[in-house]
Amino acid sequence: MSQIVQPGSPLLVSEPNKFDAGKLRTEEMLINLGPQHPSTHGVLRLEVLMDGEIVKEVVPHLGYLHRCFEKHAEQLPYNQVIPFVDRLDYVAAMNCEHAYVLGVERMMGLEGKLPKRVEYIRVLVAELNRIASHFIALGTYGLDMGAFTPMFWMMQDREHILRMLEWLSGSRMLYNYMWVGGLYFDLPVGFEEQVSAFVSYLRPKMDELDTILTENSIFIGRTAHVGVLPLELAINGGATGPVLRGSGLRYDLRKVDGYSVYPELEFSIPIGEGKMGTVGDCWDRTWVRVREVHESLRIIEQCITRLTSDLKRSKEFNPQEFVPGKIRPKAQDLYARVESPKGELGFYFRADGKSDIPVRCKVRSCSFSNLSLLPEISRGVLLADLIAIIGSIDVVMGEVDR
Amino acid sequence: MSEQLLHEKVQVICGRDVQQAEQYSPITFRLQPDELMGFFERIKSDTDLYIDRLSCITGIDPGKDSEHMEVLYHLESITAGILFAVLISVPKSNPIIPSVQSIWKSANWLEREIFDMYGIHFSGHPDLRRILMPADWEGYPLRKDYVTQNEYHGIQVEANEESKTNSL
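Each value, and the rule that gives it
Residues numbered from 1 in each chain as written. Chains lettered and ligands numbered in written order. Predicted model: local features only at pLDDT ≥ 70, side-chain atom pairs only at ≥ 80, totals over all residues. Helix = DSSP H or I, 4+ residues; strand = E, 2+ residues; numbered from the N terminus. Rg over C-alpha atoms; globule rule 2.2 N^0.38 Å. Buried ≥ 20, exposed ≤ 12 C-beta atoms within 10 Å, placed from the backbone. Core = buried A, V, L, I, M, F, W, Y, C linked by C-beta atoms within 7 Å. Contact = placed C-beta atoms within 7 Å. Pairing = 2+ DSSP bridges. Axes fitted to C-alpha atoms, helices over the stretch in contact; angles between N-to-C directions. Nonpolar A, V, L, I, M, F, W, Y, C, P; charged D, E, K, R; others polar. Parallel < 35°, antiparallel > 145°, perpendicular 65-115°, else oblique. Left-handed = near helix turned anticlockwise from the far one by under 90°. pLDDT = per-residue confidence, 0-100.

## A word on the overall build of chain A
- What chain A contains, in helices and strands, is 16 helices and 8 strands.
- In terms of C-alpha radius of gyration, chain A reaches 22 Å, essentially the compact-globule figure of 21 Å for 402 residues.
- Taken across its 402 residues, chain A has 50% of its residues classed as buried.

In C-alpha cells form, the structure reads like this:
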C-alpha cells in the first residue's frame, strides 16, 4: 500500500515532502500513498501524517500529469486547441469541448445564432458523456470499497456509450467533435433510435445498481457518516458539482446560467439529504451521482424527441454552416463556464484582437478545486476512510494537473 | 442586481471612484492591491452582495514589454446571484500581493498555482510552495519572457531556437 521514500532519492529533490521524517514525534509516522496506486484514481501522490491508524494531515502532491495546457493554448489558434481540451477531463471530453466552444463562440458573438439542431446535438452528446463519466466514478468507487461487480457492470454499460460516440465522431474517448460554430458531423443515420434503445435498456439497470451498490449495507457501512463536508466549508472552499450538491445545496450551472438549450429542457437537481448518514458524507455524494444519471436520461429523451420531430435531419442541415473561416475575436476578456460532471468547468480568455491566438487561456478546473478540500475533510479519519473520501470526490488527474 | 447598481455599490464600499474595466465579461472592477483585503472582507459580509464564493483566480502576463502583471479574481454570490470580477495590477519587479486564503479557502491552491506559474508572492499564505511544477524547476513558465531550461536531472531537453522554429 505504501512505500517509504529513502533519503537522497530524486523524488525528494523535485517533489520534497512537506513534513520532515526526522522531526516527527514518537507516535507519528509518515506514509507515502501513490502516485502509482489504483485507489488514488490516477497519478495523485499523498503524503499522509499518521498517528497510529488515525490520519493527522494529508498533503496532496500534484503535477505528475502536467502537460502545459495553458502554455500550449497561448501558442495555437483557437480551433487547434480543441484536441488538447479533450485531454483535460478525458472521461468527459464532450463536456470540456462544450465549455471551450461556448467561450470562443461568446467572444465571436455567435452565441444564440447557431441552428437549434446543433445545440440539441451538443446537449445530447454532453449528457451521454456525463453518464459515462459518472459510471467511471461509481464503478471505481465500488472497487475502492471492495465491491467488485459494479465495476464490471458500469464498464459494460459505459462501453455502449463509448461505441455510440465512436460511431458519431470516430474515436472512443477524445472526440474533437464540437467545433467553434458547429459540429464536425451531423448524427449518423439511426443514431437517435440507438440512443432511445439504450435509454430504455439502462433504466432497469440503474435500479439493479441501487440494489447492489448504493443500498448495499456493506457499502453504506463504509461510506455513511464518513468524510462529511459541511455546506459552509463546501461553498467557502470552492467545491462544485456533486461534491457541493452532496452537501445539500441545489446549485447547478445548467439551471443557474441556463447556457445552450438547457432552459428549454425539464430536469431536476438532486441533492444530498443525509438519507443513510449525515448530509454531505461520502454516501450522499455517490447518491447524487446515481440520481444525476437518471436526470441525464430524462434530458436525453427530451433531446431525442426534439431531434426526431421539429428538428429532424434534413438535406439542408449543415453542421458546419456557421464555422468561421478565421477565428479572430475582438479585444476582450471573457470567462465562460459550464457544468461538467465534476462541477464548474470554466475557461478564461484574453484576446488582443490582432491575432488568432489568445494572450491567455486559463482553465478553472473543478477537480482541482474539489481536491483542495481533501486535507480539510480527512483530518482525524482512519486510513481506510481516506481512500473512501478520495474516491467520493471523483478527481480526474488530467484535469487537476492540466 | 444590475451592473449599474453593482458599480455604485462597489464605489460606496471602496469610498472612491472605481474604474470599470472595458470589454470584460463578466463585469470587472480595477482595484489597488492595498485595498484588496478590506474590500473582500466587506463584500463577503455585506447584506446586499454576500459574496460567498471565490470561483477562480487567474494570473495574467500581458506581454514581454509590460512592466506589470495582472491578477483577476472571479467572485460569485450564490444567494444574490451576482457574478463579477476584480482586476489588480502588480509590478513585475516586486510582485507581492496579500493572500485572500483567510477569507475564502478556495484561494489556497489557486494562489499556489499563480505563484508556481508567475512567481507572484502572496503575503500571509500559510503554505506557498510550487504545486504543478517540480520544486527544483527554474523560472516561471507562463511568464512571457520565460526561457526553457535545457537540462533537467541529466535529461537533455532540446528547447533551443532551432527546435522551436521546427515545431510549429
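## Section: the nonpolar core
All names here are of chain A.
- The biggest cluster of nonpolar side chains holds 148 residues, and the ones touching the most others in it are L124 and V125.
- Ranked by residues supplied to this core, first place goes to helix α5 (residues 116-144) with 14 residues.
- With sequence-adjacent residues up to four places away left out, L124 is seen in contact with I300, C303 and L307.

## A few points about the sheet that holds strand β5 (residues 82-91) of chain B
All names here are of chain B.
- The 4 strands are arranged β2-β5-β4-β3 in an open sheet whose pairing can be described as mixed. Both edges of this open sheet fall to β2 (28-31) and β3 (53-60), since each of them pairs with a single strand only. Across this sheet, the average inter-strand angle for adjacent strands is 20 degrees, counted without regard to direction.
- Looking at chain direction, β2 and β5 are connected through 4 bridges and run parallel. From the neighbouring strand, L31 faces β5, where its bridge partner is I88.
- Here helix α3 (residues 107-118) sits on the sheet in contact with β3 and β4 (68-77), set at roughly 5 degrees to β3.

## Side note on the interface of chain B and chain A
- Facing the 28 residues of chain B at the interface are 32 residues of chain A.
- In terms of residue count, β3 of chain B provides more of the side of chain B that touches chain A than any other element does, 6 residues in total.
- When the residues that make up the side of chain B that touches chain A are grouped by side-chain class, the tally is 16 nonpolar, 8 polar and 4 charged.

## Focus: the packing of helix α12 (residues 282-308) of chain A against helix α15 (residues 383-393) of chain A
All names here are of chain A.
- The N-to-C vectors of α12 and α15 enclose an angle of 25 degrees; their axes lie 9 Å apart at closest approach. Classified by the angle between their axes, α12 and α15 sit roughly parallel to one another. Crossing angle aside, the handedness with which α12 passes α15 is left-handed. In this structure, α12 contributes C282, R285 and T286 to the contact, and α15 contributes A388, I389 and S392.
- Taken together, the residues that form the contact of α12 with α15 break down as 3 nonpolar, 2 polar and 1 charged.

## Some points on the sheet that holds strand β1 (residues 24-25) of chain B
- Pairing is mixed across the open sheet formed by 4 strands, whose spatial order is β8(A)-β7(A)-β6(A)-β1(B). The sheet is open, and its two edges are formed by β8 (360-364) of chain A together with β1 of chain B, each paired on a single side.
- Relative to β8 of chain A, strand β7 (residues 343-351) of chain A runs antiparallel, the two being bridged by 5 bridges. In the strand pairing of β8 of chain A, F347 of chain A is matched with V363 of chain A.
- In the packing of helix α4 (residues 93-108) of chain A onto the sheet, the strands contacted are β6 (332-340) and β7 of chain A, and the crossing angle to β6 of chain A comes to about 150 degrees.

## A few points about the environment of S378 of chain A
Residues and elements named next belong to chain A.
- In this fold, S378 is placed in the loop between α14 (374-377) and α15.
- The class for S378 is buried, based on 24 C-beta atoms found within 10 Å.
- Separated by 20 residues in the primary sequence, S378 and P358 place their C-alpha atoms 39 Å from one another.
- Setting aside residues up to four positions removed in sequence, S378 forms contacts with V55, V58, G227, L386 and I389.

## Some points on the confidence of the model for chain B
- Considering every residue of chain B, the mean pLDDT works out to 84; 93% of them sit at 70 or more.
- Scored by ipTM, the complex comes to 0.86, with pTM at 0.89.

## Notes on the environment of K275 of chain A
- Relative to the helices and strands, K275 of chain A is located in the loop between α11 (253-256) and α12.
- Expressed as a C-alpha distance, the spacing of K275 of chain A and A224 of chain A, which sit 51 residues apart in the sequence, is 9.0 Å.

## Thoughts on the packing of α5 of chain A against helix α6 (residues 149-169) of chain A
Residue and element names in this part refer to chain A.
- At their nearest, the axes of α5 and α6 sit 9 Å apart, and the two run at 155 degrees to each other. Taken together, α5 and α6 sit at an angle that is classed as roughly antiparallel. At the point where α5 passes α6, the crossing takes the left-handed sense. Counting all contacts with α5, which are made through V125, L128, I131, A132, F135, I136, L138, G139, T140, G142 and L143, the residues of α6 involved are P150, M151, M154, M155, D157, R158, I161, L162, M164, L165 and L168.

## Details of the pairing of strand β3 (residues 54-61) of chain A
All names here are of chain A.
- In the sheet, strand β2 (residues 45-51) pairs with β3 via 7 bridges, with the strands oriented antiparallel. Within β3, the residue paired with L49 across the bridge is E57.
- Between β2 and the antiparallel strand that follows it, β3, lie 2 residues; G52 among them carries a positive phi value of about 65 degrees.

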